[in-house]
Amino acid sequence: MTQHTQEDKLTLLLVEDNHEIACQLSDYLALQGVIVDYAENGHIALAVLEENVFDVVILDLMLPDYDGFTLCQRIKERVNYHLPILMLTARDSLNDKLTGFTVGADDYLTKPFALEEVYMRCIALSRRVLLHQDKAIHLGDLTIDIGQRTAQRQGQQLTLSHTDFEILKVLVLAYPNAVSKRVLNQKIWGDDVPESDALRSHVYTLRNSVDKPFDQALIKTVHGIGFKIDVSSHKNSDSQ
């Protein structure tokens, strides 16, 4: 089975109130290199989504506090980036599936399911997002081409190490959300996070390339959380 590479870690939120199913899924996905966060009900899921950025959500329809269809719709309304949702349910009627897709589900899988199929569907959903992503992403005066692994600011080519580029890519894809230090560490190094504060060092060198030569900083520290790309000052200066 093809696993995500270290430079392409899949981050996933599992929303499931059945602890046995949740443990089976979490353990299996973790073995495939997926970074899994877990919420046992809808309220926890929404709170986690406010503080973190994910590639995919696996959502069980039968939750103790939320109807799964309602929760799916709320997630799509609240999250300001494209977040694919894979619905899990014992309901296999066509009407239920149509309702799921109507409220924003991106895929639908009925129980019982094979763990490998859940994993492969999550991989497919995350890749589908990237396929629809512009090859060159423009944020303020920053341009990053993920396919070519190049970045420019104000037309000047930026010299970035492999790891620095990966950090910038994660921040750009999460824009305008902040990315926690925990998620950044997992995205870049997976379970092999260096003992030293490697993230701090790489953010420092990244800022030296992306921010220091220019008048305004793009990479902002969000105290208590992590880092984000902020182009608000660029918008203000453009309007003056």
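This write-up is about the structure you can find in this document. (Residues numbered from 1 in each chain as written. Predicted model: local features only at pLDDT ≥ 70, side-chain atom pairs only at ≥ 80, totals over all residues. Heavy atoms only, no water.)

### So, the packing of helix 2 (residues 42-51) against helix 3 (residues 68-78)
One way to put it is that helix 2 packs onto helix 3 with a least axis distance of 11 Å and a crossing angle of 15°. The pairing of helix 2 with helix 3 is recorded here as roughly parallel in orientation. Here the hand of the crossing between helix 2 and helix 3 comes out right-handed. Judged by residue contacts, G42, L46, L49 and E50 of helix 2 engage L71, I75 and R78 from helix 3. For the contact of helix 2 with helix 3, the class distribution of residues is four nonpolar, one polar and two charged. (Axes fitted to C-alpha atoms, helices over the stretch in contact; angles between N-to-C directions. Helix = DSSP H or I, 4+ residues; strand = E, 2+ residues; numbered from the N terminus. Parallel < 35°, antiparallel > 145°, perpendicular 65-115°, else oblique. Left-handed = near helix turned anticlockwise from the far one by under 90°. Contact = heavy atoms within 4.5 Å. Nonpolar A, V, L, I, M, F, W, Y, C, P; charged D, E, K, R; others polar.)

### Overview of the pattern of salt bridges
For the structure on display, the rule yields 13 salt bridges. Salt-bridge contacts for R149 lead to E166; the nearest nitrogen and oxygen are separated by 2.6 Å. Remark: E166 occurs in helix 6 (residues 162-174) and R149 occurs in the loop between strand 7 (142-145) and strand 8 (150-153); sequence separation between them is 17 residues. Between R200 and D197 there is a salt bridge whose closest N-O contact spans 2.8 Å. Members of the salt-bridge network, linked through shared partners, are E16, D60 and K111. (Salt bridge = Lys/Arg side-chain N within 4 Å of Asp/Glu carboxyl O.)

### Overview of the layout of surface pockets
For the second largest pocket, the calculated volume is near 170 Å³. Elements that contribute at least two residues to the lining of the second largest pocket include exactly helix 7 (181-189) and helix 8 (198-210). (1 Å grid on protein atoms, 1.4 Å probe; cavity = no way out; pocket = protein on both sides within 12 Å on 5 of 7 lines; lining within 4 Å. Points joined across faces, edges and corners; volume = space filled by probe spheres on them.)

### Examining the sheet that holds strand 9 (residues 156-157)
The antiparallel open sheet is built from four strands, whose spatial order is 6-7-8-9. Lying at the two open borders of the sheet, with one neighbouring strand each, are strand 6 (136-139) and strand 9. Bridging between strand 8 and strand 9 involves two bridges; their strand directions are antiparallel. Bridging across to strand 9, R153 finds its partner in Q156. Along the sheet face, helix 6 touches strand 6, strand 7 and strand 8 and points at about 110° away from the line of strand 7. (Pairing = 2+ DSSP bridges.)

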